[in-house]
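Given next are the chains, with one letter for each unit.
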Amino acid sequence: MRKSFPLIFILCVQFCYSQSNISVEKIMRDPKWIGTSPSTPQWSAGGKFLYFNWNPDKMISDSLYFISLENKVPQKASPDQKNKFVDNEDVQYNVARTKFTYSKDGDIYLVDVNSNQSKRITQTQESEYNPVFSFGDTKIVFSRNQNLYAWDIANGTTLQLTNLQKGNKPPDESSVKLNSQEEWLKQDQLQWIQVLKSRKEKKDAADKYDKSQKNDLRSIYFEDKNLSSLNISPDGRFITYRLVKPAKDAKNTIIPAYVTESGFTQDLSGRTKVGAPLSSSEFFVYDRTADSVIQVKTDSIEGVRDIPEYVKDYPKKYEERKKNNSTKAVSIFGPIWSEHGKNAIVDIRSQDNKDRWLMLLDPATGKLKLLDHQRDEAWIGGPGMNNMGWIDEDHFWFQSEVTGYSHLYTVNVLTAQKTAITSGKYEIQQARLSHSKKYFYIITNEVHPGEQQFYRLPVTGSKAERITTMEGANQVSVSPDEKYISILYSYYNKPWELYLQENKPGGKLEQITNRAQSDEFKSYAWRVPDLITVTAGDGAQVYARLYKPSNPAPNAPAVIFVHGAGYLQNAHKWWSSYFREYMFNNFLTDNGYYVLDMDYRGSAGYGRDWRTGIYRFMGGKDLSDEVDGAKFLVDKYKVNPAHIGMYGGSYGGFITLMAMFTKPGTIAAGAALRPVTDWAHYNHGYTSAILNTPVEDSIAYRKSSPIYFAEGLQGSLLICHGMMDLNVHFQDVVRLTQRLIELGKNNWELAPYPLEDHGFVEPSSWTDEYKRIFKLFETHLK
């Protein structure tokens, strides 16, 4: 009997701590089992209908549905209605907002708002796009074959405005210089052959007459560069454009697909790696009145020769850059014209990610005047950095993180005087100006870092009026007449539903959809995790979700979930994009685990210093926040420090590797899913902002890449990775695998998924992956 006691005890423990009525198999099914949430609400042009994607019948994919203000019962759009639907965000209004224009299926349309009469402006085999009102709202200007054309609203005539051409300018025959022999022969022929002389005189006279009668467009050749950002001023005088010179010798990665229909391995085209050669661009203004082209120069703007602080860690490079005194590579975006074309602003960004300039452009001269310069020794970013526009002809609004949080500002372009419209330790996450230009409509997290609420704010900056009231996330779209708002709303344990509300404080709120939770989903009591703060070692308060078991396992295990990055927040009050992980965390809690989900340094929602806290050291403060979270669980909830696990995907997988390689004794078992193992092999846009480039800042890459610390592996490691991953390439874990083999490590395993990309799509893959994770934790943490 004594020999059978341990088996009985083990069976009892497994039974007592497996009382969940959910399972990995249930959780990881096609998400339709949860219910169906609406997405992408879009007001029709004119605002009579609100369209959205929805799938209440659980078909293969979502369909287009709509409601009207008179009939708020969702109806499925017919093929004809889908064809005629035009999103209000895709139309351009005239100044009086009596007409709007848009492109659809390669043709241009004009609509009268009052009569709702639509006129098709173009009907050609070519594609016309990007229509805008110009010439004082008397013409509609659109693009065709990389040139601008103007359609006259009054008489219907079309005028070509530009003659931009790819390639080099052909030589002018009349200007070809002949050598002395060729010139003598030509003159001799004309002197002695009368027919040749007569024909030449007639041709010269005809050419002179044709030239006097024709108003030829200037031909502008852009060689081997690519044309972009073709833009016209409201008065029709100035046309701006960018020419982009493609990067040379920028090598792309290749991702092999092993399981294919053909039975042969196929290569998928990937991307470049960080530090690859970059494209360069130039910005030009074509003055139609003066018939001149001016390149806008940036070599004298404030700070364009500044050397980043990190270069001081490389004294030789620093001295070379000081000596060269070269300018930074920059890109010019815009311009953004004031309503009547009096002024234009350009948004200039440095290629090293550390500067943004807002500058007033004089289009006639190409000269620039500084209005705002935001510099960050880490990188420019945060919410709303592309939100900007005109209040009137002389006042411009924009967002900036200059105080540490993204806030609204205005600037008088005549005096360059700036005024802060909002302030405080919260973020303006979305902003737009009302049609009357008396108010801003903003979404902020002022109430709580984990909430999104919608406000109406006077442009003078006085007190904002809160319009949404539901606790959680309120993602708002304003109707064209600004009388109503659509709200996509969710809570911790309640997926997204669609609501309609009058656009005013206390406005009537109506729920439109009610299918986000199926009966099966509602049969389980999904937790509202505690939203807490953990004090980090440096005193910072780290927001986190905490799942507490009602019946903790006797050996007090815990799991730390690490969300991905890019720029993301997960310790919030709404339905997470990590909904599978949310459900898995509930399942772990049912099985006796404490689960902690932290918004570590680098997460969204907490201002500039939190966002840039990982600069030049990923796996630094972000990882120490997670380690402090483990200590918090031990100190407050008596979690066994030898029984703590960790899992996460992408950046979360990277953090898991760094924890198991560099923080011995912290994590007993970890699952690194699709992890970055070496940042020198990731993409340029994301990585160069945080770590600069490997050639320029090798110190940052050496500190931040797990592959350099693999010899420190302790605990049991599971690596899962899709072999068709176009984001974090499977090559990352193959290289790490070789490193672990060479180091003689045997406490790890790799699970490859041949038909999966970065985000898995097959329920079978999700199920296999998370069964392995659960087995890992059950085996090593209990």
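Novice: Honestly, the nonpolar core in this entry has me stumped. Any pointers?
Specialist: In terms of nonpolar packing, the biggest core is built from 67 residues, with Met618, Leu633, Tyr651, Trp679 and Leu717 touching the most fellow members. In terms of residues, this core owes the most to one element, helix H11 (residues 651–662), which gives eight residues. When sequence neighbours within four positions are dropped, the list of residues in contact with Leu717 reads Leu657, Met660, Phe661, Gly670, Ala672, Asn747, Trp748 and Glu749. Counting 52 residues, the second-largest nonpolar core is a separate cluster that includes Val24, Phe587, Trp766 and Ile773.

Novice: Would you mind going over the sheet that holds strand E23 (residues 355–362) with me for this structure?
Specialist: Pairing between the strands of a sheet is mediated by backbone hydrogen bonds and can be parallel or antiparallel. The strand order across the open sheet formed by four strands is E21-E22-E23-E24, and the pairing between neighbours is antiparallel. Looking at which strands have only one partner, the edges of the open sheet turn out to be strand E21 (330–337) and strand E24 (367–375). Ignoring which end each strand starts from, the neighbouring axes of this sheet average 25° apart. Relative to strand E22 (residues 344–350), E21 is paired through six bridges, and the arrangement is antiparallel. If you follow Ile332 over to E22, its bridge partner there is Ile348.

Novice: Mind showing me how you'd approach the packing of helix H10 (residues 621–637) against H11 here?
Specialist: How two helices pack is summed up by the angle between their axes together with the distance between the axes. Taken N-terminus to C-terminus, the directions of H10 and H11 make an angle of 70°; their axes are 10 Å apart at the nearest point. In terms of orientation, H10 lies roughly perpendicular with respect to H11. For the pair H10 and H11, the contacting residues are Asp622, Leu623 and Glu626 in the first and Tyr651, Phe654, Ile655, Met658, Ala659 and Thr662 in the second. Looking at the contact of H10 with H11 residue by residue, the classes come out as six nonpolar, one polar and two charged.

Novice: Help me understand the pattern of salt bridges, please; the structure alone is not making it clear to me.
Specialist: For side chains of opposite charge, pairing can occur when their charged atoms come near one another. One pass over the structure, following the stated rule, counts 43 salt bridges. For Asp625, the salt bridge identified is with Arg601, shortest N-O distance 2.8 Å. You can see Asp625 sitting in helix H10 and its partner Arg601 sitting in the loop between strand E40 (594–598) and helix H9 (608–611), a full 24 residues away along the chain. A single burial state applies to Asp625 and to Arg601, both of which are buried. Several salt bridges converge on common partners, so that one network encompasses Lys328, Asp352, Asp355, Arg375 and Glu377.

Novice: What am I meant to see in H11 here?
Specialist: Every α-helix winds through 3.6 residues per turn, so residues three or four apart in the chain are directed the same way. Under the 1.5 Å per step criterion, the end-to-end length of H11 is 16 Å for twelve residues, consistent within 8% with the ideal 16 Å. Of all twelve residues making up H11, eleven are buried, and the element is well covered by its neighbours. Listing the buried residues of H11 in full gives Tyr651, Gly652, Gly653, Phe654, Ile655, Thr656, Leu657, Met658, Ala659, Met660 and Phe661.

Novice: Looking at this structure, I do not really get the confidence of the model for the protein chain. What am I missing?
Specialist: Caution applies to low-pLDDT regions: their predicted coordinates should not be interpreted in detail. Confidence along the protein chain averages 95 in pLDDT terms, with 96% of residues attaining 70 or more. In the model, residues 1–16 has pLDDT below 50 throughout and makes one contact with residues more than four positions away in sequence or in other chains.

Novice: Would you take a moment to explain the sheet that holds strand E6 (residues 99–104) for this structure?
Specialist: Ordered in space as E5-E6-E7-E8, the four strands form an open sheet in which the pairing is antiparallel. The sheet is open, and its two borders are formed by strand E5 (92–93) and strand E8 (118–120), each paired with just one other strand. Where E5 and E6 come together, two bridges link them in antiparallel fashion. By the bridge assignment, Tyr93 is partnered in E6 with Phe100.

Novice: I tried to follow the pairing of strand E10 (residues 139–144) on my own but got confused; where do I start?
Specialist: The side chains of a regular strand alternate between both faces of the sheet. The buried fraction of E10 amounts to six of the six residues, a majority that puts the element mostly inside the structure. The sheet contact formed by strand E9 (residues 128–134) and E10 spans five bridges and is antiparallel. From the neighbouring strand, Ser134 faces E10, where its bridge partner is Lys139. Counting the residues that bridge the hairpin from E9 to E10 gives four residues, and of these Phe135 lies at a positive phi of roughly 55°. In this structure, the hairpin formed by E10 and strand E11 (residues 147–152) is closed by a connection of two residues, where Asn145 is found at a positive phi of approximately 50°.

Definitions and cut-offs
- Residues numbered from 1 in each chain as written.
- Predicted model: local features only at pLDDT ≥ 70, side-chain atom pairs only at ≥ 80, totals over all residues.
- Heavy atoms only, no water.
- Core = buried A, V, L, I, M, F, W, Y, C linked by side-chain atoms within 4.5 Å.
- Buried < 20%, exposed > 50% of the residue type's maximum accessible area, 1.4 Å probe, protein only.
- Helix = DSSP H or I, 4+ residues; strand = E, 2+ residues; numbered from the N terminus.
- Contact = heavy atoms within 4.5 Å.
- Pairing = 2+ DSSP bridges.
- Axes fitted to C-alpha atoms, helices over the stretch in contact; angles between N-to-C directions.
- Parallel < 35°, antiparallel > 145°, perpendicular 65-115°, else oblique.
- Nonpolar A, V, L, I, M, F, W, Y, C, P; charged D, E, K, R; others polar.
- Salt bridge = Lys/Arg side-chain N within 4 Å of Asp/Glu carboxyl O.
- Expected span 1.5 Å × (residues − 1).
- pLDDT = per-residue confidence, 0-100.

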